[in-house]
Amino acid sequence: MGKGRKNKPQKNFAEKRREKQKKKDELDKAPQRSYPDIIRENKDFENYYKTQGIIPEDKWDAFIDTMRTNLPVAFRITGSKVEATALLEIIKSDFFKEILNANLESDNENSSSEVKTILHSLPFYPEELAWQLQLTRKDIRRSEAYFRLHNFLITETNSGNISRQEVVSMVPPLVLDVKPSHKVLDMCAAPGSKTAQLIEMIHADEGDVLPEGFVIANDLDNNRCYKLVHQAKRLNSPNILITNHDSSIMPNFTITKPDGTKGVLKFDRILADVPCSGDGTMRKNPDIWCKWSPANGSNLHGIQYRIAKRGLEMLTVGGRMVYSTCSLNPIENEAVLHRILLETGDSVQLVDCRDLVPGLVCDPGVTHWKPASKNLQYYNAWEEVPEQWQTQIRPKMFPPPADEASKFHLERCMRILPHHQDTGGFFVAVLEKVKPLPWEGEACTLSQNVQNVAGSENKDELSLEEEAVRDMKLLERGKRPLDEEMKLQRKRRRIVGYREDPFVFFKDESEDAWKSIKDFYGISNNLDPQRLLVRSHEGKKKNIYFTSPAIRDLVICNENKVKLINTGVKTFVRCDNKNMKFRLAQEGVQSIAHYISDERKLHISKGDLIMLLQNNDPHAPPEIVKLSSDTQERLRDFATGSCILLYKEEKTDNLNPLDLKIVGWRGTMSLKAYVPMCDAVHYLRLLGGDCSKFEKNKFEESRAAVSNEDVNNGEDETEDAIGEKAAMENGDCTEKKVDDAETTTKVETSE
């Protein structure tokens, strides 16, 4: 009889932390193989992919040679059009050439005279907003020549204005073709680089009105959800909700319809970047060379299929879903799609979206592949598979017969190989749902088609007779009745990870904190306080977050159905100043600035703004008397407290002049920019200000630290020598020193 879990003592947070630290210490002490020590070779890998034929014979050498090299760094420019345009000009300017040392000589001995450009824009990404560096992460981190580049990447990433992301990872959101009105689900979202792209697309139409669309970003791993939160928070969007659930059994989201009734949310776009064996990432993760096996892909086929199937069920008719993996294996790619297309019939079709990524080099999907056992025995049909491998190789993993292959249009898939454009490996396919799935009408009691059942109108529930008919049909097809399935899911579901704080929305204008906030900032009546939330039922409200109406509705309707991790953009922060209880937060200023009265907005000159941003001493902010006379005049009757500093670029040929909104604080005798240091450096760059005081050369700091240590050691040695000389002169201190040493040894031994 197995041991039960019922009476097992639960570890508290401190115990878990100590255990985690102990494991980390043990891991640190264990001998590690560094990436350069890993032999980038695996005969099984080569045998398998040569047999599958996904790489043409004449391209094999180029493919395998590229796979054995480290992956270059790439990044995207994010944020508003105005700031993105300004940052793009900086990247293309002499400034960026200087920090890159202009060019990197080729390592090829046969062409030592040739020089390759370190930086180039990606041809398939719109408006030159994505760039690739012919440098690896190791080059940038460990070479002093690139310390300014490293600083640039860190500060701009932390401020949310660039996103470091693999080139191939940028493709799925592009072919998903998201519009600002779309309801989007990212089923396996962590760590969040693709989610960030989706959010940017939702906010493509900039303006004071929030877009109708939103992104629900989900991940099964509770810990990875917090990486997702960190990534999403950089974009300061009120239109994202982060959830923690198994995407293969994702429940339907409930929404409130315009007429006030409840309905099921169907998504316009879904991204299913499913878990995979990851052999396309060997350039970034060389340890996969040692662990690779054909069984890795076969073992994941089932969960990949279930996630894709559930995604199609949650998709609206006319909507599109992208299925993607960072694997090269047809068992994880074309085999999954073939299985899906077989089951859905003419309800779903593959769409060719190469026109959305012009300039991207890729191969079409394949129509033939051979499932293989762990010991690399290949099989052409299920009947050939020995019983010992029938749990690993399944009947639906096999390709379609040659005479039927053309009807599935698998050639519309895109397989990106490392040698195509010096990237990782990736697979992308776009599925369009042209009509309801064959089983959808039978299994849903609250769906878009419920009203058509038995010819009834305005009917949201099935009658007992209809339920009986539905359950009988499901049993005939070998499926559980819906009620039984839901009970099973509830039984299976348990809370994992951290218990989240509640999402508590303001009820109305009478909310405690709202009146003082509204009065101080002169907030317009157009801002509905019900879109604001806090993360506690009781006690002082610390931070107040702002959400879109659609996200608010989703949270309220689904908080007991799905584990919600995070939503809302921080807008107000408690400060308990005598004149005001809450200051503005830089994260939310773009979302609510247009609701705030002009009395809390201060127009400021470029020179004054640069002065404020260059001040990094919170205890000595710039005095008002040091600012320009125009700014001093505007501040004459300006009340103390939190405010918005406005700067608009004038007299410029730039089609996108700078238009900055920065949180400030008007003190009695001073004025300061209330922004994080990374944001201050970003704005200084855009304004052409001097950022040199914020530059850190860790190599110089390390040398200085070593030098100081040597000096200190020298002083200690000198003091010891003087002490020993004095002891010899006194005659009795030498023995005491020996006694002290023995005593110390005894104490250490007893401990």
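All values derive from a computational prediction rather than experimental measurement.

## Some details on the sheet that holds strand β25 (residues 641-648)
Step number 1: Strand order in the open sheet formed by 4 strands is β24-β25-β26-β27, and the pairing between neighbours is mixed. Edge positions in the open sheet fall to β24 (601-603) and β27 (671-673), since each of these has one partner strand only. Sheet twist, expressed as the mean angle between neighbouring strand axes with direction ignored, is 40 degrees.
Step number 2: By the bridge criterion, 3 bridges tie β24 to β25 in an arrangement that is parallel. Directly across from His603, in β25, lies its bridge partner Leu646.

## Section: the sheet that holds strand β5 (residues 130-133)
Step number 1: With respect to topology, 4 strands assemble into an open sheet ordered β4-β5-β1-β6, the strand pairing being antiparallel. Looking at the sheet topology across the chains shown, the edges are occupied by β4 (119-121) and β6 (162-164). When the angles between neighbouring strand axes are averaged without regard to direction, this sheet yields 25 degrees.
Step number 2: Bridging between strand β1 (residues 73-77) and β5 involves 4 bridges; their strand directions are antiparallel. Its bridge partner lying in β5, Ala74 is registered against Gln132.
Step number 3: Packing of helix α4 (residues 81-91) onto the sheet brings it into contact with β1, β4, β5 and β6, and relative to β1 it is tilted by some 140 degrees.

## Here's the deal with helix α19 (residues 549-558)
Step number 1: Within the sequence span of α19, burial applies to Ile551, Asp553, Leu554, Val555 and Asn558.
Step number 2: Structurally, α19 contributes buried residues whose contacts are with β8 (214-219), β9 (240-244), β10 (254-256), β18 (504-505) and β21 (563-567).

## Quick look at the UniProt feature "active site" (unreviewed entry) in the protein chain
Step number 1: Feature annotation in UniProt places "active site" (unreviewed entry) on Cys326, given in this structure's numbering.
Step number 2: Within the secondary structure layout, Cys326 lies in the loop between β13 (315-325) and α13 (334-344).
Step number 3: Those residues within four positions of Cys326 in sequence are excluded, and the remaining contacts are Cys276, Gly278, Asp279, Gly280, Thr281, Gly425 and Phe426.

## Observations concerning the packing of aromatic side chains
Step number 1: By the definition in use, this model includes 13 aromatic pairs.
Step number 2: Consider the rings of Phe520 and Tyr521, whose centres lie 4.9 Å apart with planes at 85 degrees: the pair is edge-to-face.
Step number 3: Between the aromatic rings of Trp665 and Tyr674, the centroid separation amounts to 6.1 Å while the plane-to-plane angle is 55 degrees, which identifies the pairing as tilted.
Step number 4: Tyr674 gets classed as partly exposed once you look at its relative accessible area, which sits at 30%.
Step number 5: One aromatic cluster in this structure is built from Phe45, Tyr48, Tyr49, Trp60, Phe63, Trp289, Trp292 and Tyr378.
Step number 6: Positioned above the aromatic ring of Trp439 is the side chain of Lys309, whose terminal nitrogen or guanidinium carbon lies 4.8 Å from the ring centre.
Step number 7: The aromatic ring of Tyr305 is capped on one face by Arg339, whose charged end is 3.7 Å from the ring centroid.

## Topic: the packing of helix α7 (residues 147-158) against helix α23 (residues 677-687)
A pair of packed helices is characterised by two quantities: the angle between their axes and the separation of those axes.
Step number 1: Following both chains from N to C, one finds α7 and α23 inclined at 110 degrees, their axes separated by 8 Å at the closest point. The angle between α7 and α23 falls in the class roughly perpendicular. For the pair formed by α7 and α23, the contact residues are Phe152, Thr155, Glu156 and Asn158 on the first element and Cys678, Val681, His682 and Arg685 on the second.
Step number 2: Considering only residue class, the contact of α7 with α23 consists of 3 nonpolar, 3 polar and 2 charged.

## Some details on the environment of Asn151
Step number 1: Secondary-structure assignment places Asn151 in helix α7.
Step number 2: Asn151 has contacts with Glu695 and Lys696, leaving out every residue within four places of it along the chain.

## With respect to the state of the cysteines
Step number 1: Taken as a whole and judged by the stated rule, the model has 0 disulfides.
Step number 2: In this structure Cys326 is a free cysteine whose sulfur lies 3.2 Å from that of Cys276, the closest cysteine sulfur available.

## Description of the side chain of Asn161
Step number 1: Within the fold, Asn161 resides in the loop between α7 and β6.
Step number 2: Among the polar contacts listed, one links the side chain of Asn161 to the side chain of His682, at a separation of 3.3 Å.
Step number 3: For Asn161, the contacting residues outside a window of four places in its chain are Arg76, Ile77, Thr78, Glu83, Leu87, Glu156 and His682.

## Let's talk about helix α18 (residues 512-521)
Step number 1: Listing the buried residues of α18 in full gives Ala513, Trp514, Ile517, Lys518, Phe520 and Tyr521. An end-on view of α18 places all buried positions within 165 degrees of arc, on one side of the element. Exposed positions of α18 whose direction lies more than 90 degrees from the buried face are Asp512, Lys515 and Asp519.
Step number 2: Where the residues of α18 are buried, they touch β19 (532-534), β20 (543-546), β22 (569-574), β23 (582-584) and β25.

## As for the environment of Ser605
Step number 1: Note that Ser605 resides in the loop between β24 and α21 (606-614).
Step number 2: Once the C-alpha coordinates of Ser605 and Asp630 are considered, the two residues, 25 residues apart in sequence, prove to be 8.3 Å apart.
Step number 3: Those residues in contact with Ser605 that sit more than four places away from it in its chain are Ser628, Thr631 and Tyr647.
Step number 4: Polar side-chain contacts of Ser605 include one of 3.1 Å to the side chain of Asp608.

## Some words on the pattern of salt bridges
Step number 1: As enumerated under the stated definition, the model contains 27 salt bridges in all.
Step number 2: We note a salt bridge from Glu166 to Lys284, for which the minimum N-O separation is 2.7 Å. Of this pair, Glu166 sits in the loop between β6 and α8 (171-176) while Lys284 sits in the loop between β12 (267-273) and α11 (288-291); the two residues are 118 residues apart in sequence, bridging distant segments of the chain.
Step number 3: By relative accessible area, Lys284 is classed as partly exposed at 28%.
Step number 4: Overlapping salt bridges, with partners in common, bring together Lys266, Lys433 and Glu440 in one network.

## Focus on the confidence of the model for the protein chain
Step number 1: In the predicted model, the protein chain carries a mean pLDDT of 84, and the fraction of residues at 70 or more is 81%.
Step number 2: Counting contacts from residues 445-469, a segment whose pLDDT is below 50, to residues more than four positions away or on other chains yields 28 contacts.
Step number 3: Within the model, the stretch residues 485-493 combines pLDDT values under 50 with 9 contacts to residues more than four positions away or in other chains.

What counts and how
Residues numbered from 1 in each chain as written. Predicted model: local features only at pLDDT ≥ 70, side-chain atom pairs only at ≥ 80, totals over all residues. Heavy atoms only, no water. Pairing = 2+ DSSP bridges. Helix = DSSP H or I, 4+ residues; strand = E, 2+ residues; numbered from the N terminus. Axes fitted to C-alpha atoms, helices over the stretch in contact; angles between N-to-C directions. Contact = heavy atoms within 4.5 Å. Buried < 20%, exposed > 50% of the residue type's maximum accessible area, 1.4 Å probe, protein only. UniProt positions renumbered as here; feature names shortened; annotations may be inferred. Phe/Tyr/Trp six-rings, centres within 6.5 Å; stacked < 30°, edge-to-face > 60°. Lys NZ or Arg CZ within 6 Å of the ring centre and 35° of its normal. Parallel < 35°, antiparallel > 145°, perpendicular 65-115°, else oblique. Nonpolar A, V, L, I, M, F, W, Y, C, P; charged D, E, K, R; others polar. Disulfide = S-S within 2.5 Å. Polar contact = N/O pair within 3.5 Å; in protein donor to acceptor, adjacent residues only side chain to side chain. Arc of directions from axis to C-beta. Salt bridge = Lys/Arg side-chain N within 4 Å of Asp/Glu carboxyl O. pLDDT = per-residue confidence, 0-100.

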